[in-house]
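Below, each chain spelled out in residue letters.
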Amino acid sequence: MAYGKVAVSAEEEAYQFVQQEIRLGRLVPGQRVVTETIAAQIGTSRMPVRGALLRLASEGLLDMRANRGAVVRSLNAQELREIFEMRSVLEGLAVRNAVQNMEAGHLRQLAGMIDQIERGSGDYLDWTTSHREWHEYLCGFCKQPRLLAQLADLHSVMEPYMRMWATQPGRVPRMREAHEELVAALQTGDPDICEATMRRHVMNTVEGLLPYLPE
């Protein structure tokens, strides 16, 4: 018996695998997800994969189409804006509640993580992952599991588009300045300032992403 490793069901394994393939951009918006292919890749039968695909469809990552089966969902401009509006409200709330649980050492950690994001900016996979980890570390101090779960779902839906945006030549993100603004807001300890700054930070990304949506 192996110790230290949590066993997961075949459906959960398939779910985690496909979700990661979408998040990392290996399955792109509009691409068909073939049940048999996924089953072969992870060494399971088709039935658990079907369950996993239905679950991902319910979370907005896949569309189930009668003629094509599961397809990675493509968002239009209105849907993308809606997701970012939802995220701005929820992440603003998370930061409002997080700031009261943060100490000087936590702010120093966030500042150090900005350097990590910047170092990864030459590799879009590293950049996007580091960026998400920065936000998850910050919001984690709200200590509200349901809120964090909602944010994680929104991040997963938008992450493929963040990756496409990050790969564009000539992209010069205002990353450091934008995240240093958030750290400065946190240093005030004022929940209103923190919430408003996070809301602006999230929504400032939208216009940059829109040109890279699939036609």
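Keep in mind that what you see is a predicted model, and the values were worked out from it rather than measured.

A. Broad picture of the side chain of Asn 97. Its place among the elements puts Asn 97 in helix H4 (residues 77–98). A distance of 2.9 Å separates the side chain of Asn 97 from the side chain of Gln 144, its partner in a polar contact. Apart from the residues within four sequence positions on either side, Asn 97 is in contact with Phe 141, Cys 142 and Gln 144.

B. View of the sheet that holds strand E3 (residues 69–72). Strand order in the open sheet formed by three strands is E1-E3-E2, and the pairing between neighbours is antiparallel. Across the chains shown, the open sheet's two edge strands, defined by having one partner strand only, are strand E1 (32–33) and strand E2 (62–65). Sheet analysis places E2 next to E3, joined by four bridges and oriented antiparallel. What sits directly across from Arg 65, in E3, is Gly 69.

C. Here's a closer look at the packing of aromatic side chains. Tallied over the full model, the rule gives one aromatic pair. Stacked on the ring of Tyr 15, the Lys or Arg Arg 55 has its end atom at 3.5 Å from the ring centre.

D. The arrangement of the nonpolar core in detail. If you look at the biggest cluster of nonpolar residues, it comprises 56 residues, and the most contacted ones within it are Val 33, Trp 134 and Leu 186. Top contributing element to this core by residue count: helix H7 (residues 145–166), with nine residues.

E. Main features of the environment of Leu 148. Examined against the element boundaries, Leu 148 turns out to sit in helix H7. Separated by 58 residues in the primary sequence, Leu 148 and Leu 90 have C-alpha atoms spaced 8.7 Å apart. With residues near it in sequence (within four places) discarded, Leu 148 still touches Cys 139, Gly 140 and Cys 142.

F. Inspection of the layout of surface pockets at higher detail. Estimates place the volume of the second largest pocket at around 200 Å³. Surrounding the second largest pocket, Glu 59, Gly 60, Arg 73, Leu 75, Glu 79, Glu 82, Ile 83, Met 86, Gln 150, Asp 153, Leu 154 and Val 157 form its lining. For the lining of the second largest pocket, the elements supplying multiple residues, two or more each, are H4 and H7. Residues that form the lining of the second largest pocket fall into these classes: five nonpolar, two polar and five charged.

G. Inspection of the pattern of salt bridges at higher detail. Across all of its chains, the model carries 17 salt bridges by this definition. Glu 195 is the salt-bridge partner of Arg 96, the closest N and O atoms lying 2.5 Å from each other. One end of the pair, Arg 96, is in helix H4; the other, Glu 195, is in helix H9 (residues 191–203), with 99 residues separating them in the sequence. By relative accessible area, which is 26% here, Arg 96 ends up partly exposed. Here Glu 195 falls in the buried class, since its relative accessible area comes to 15%. Between Asp 115 and Arg 176 there is a salt bridge, with the nearest N and O atoms lying 2.4 Å from each other. Within this pair, whereas Asp 115 is found in helix H5 (residues 104–119), its partner Arg 176 is found in helix H8 (residues 175–188), the two being separated by 61 residues in sequence. When salt bridges that share partners are traced, they join Arg 23, Arg 132, Glu 136 and Glu 159 into one network.

Thresholds, definitions, all that
Residues numbered from 1 in each chain as written. Predicted model: local features only at pLDDT ≥ 70, side-chain atom pairs only at ≥ 80, totals over all residues. Heavy atoms only, no water. Helix = DSSP H or I, 4+ residues; strand = E, 2+ residues; numbered from the N terminus. Polar contact = N/O pair within 3.5 Å; in protein donor to acceptor, adjacent residues only side chain to side chain. Contact = heavy atoms within 4.5 Å. Pairing = 2+ DSSP bridges. Phe/Tyr/Trp six-rings, centres within 6.5 Å; stacked < 30°, edge-to-face > 60°. Lys NZ or Arg CZ within 6 Å of the ring centre and 35° of its normal. Core = buried A, V, L, I, M, F, W, Y, C linked by side-chain atoms within 4.5 Å. Buried < 20%, exposed > 50% of the residue type's maximum accessible area, 1.4 Å probe, protein only. 1 Å grid on protein atoms, 1.4 Å probe; cavity = no way out; pocket = protein on both sides within 12 Å on 5 of 7 lines; lining within 4 Å. Points joined across faces, edges and corners; volume = space filled by probe spheres on them. Nonpolar A, V, L, I, M, F, W, Y, C, P; charged D, E, K, R; others polar. Salt bridge = Lys/Arg side-chain N within 4 Å of Asp/Glu carboxyl O.

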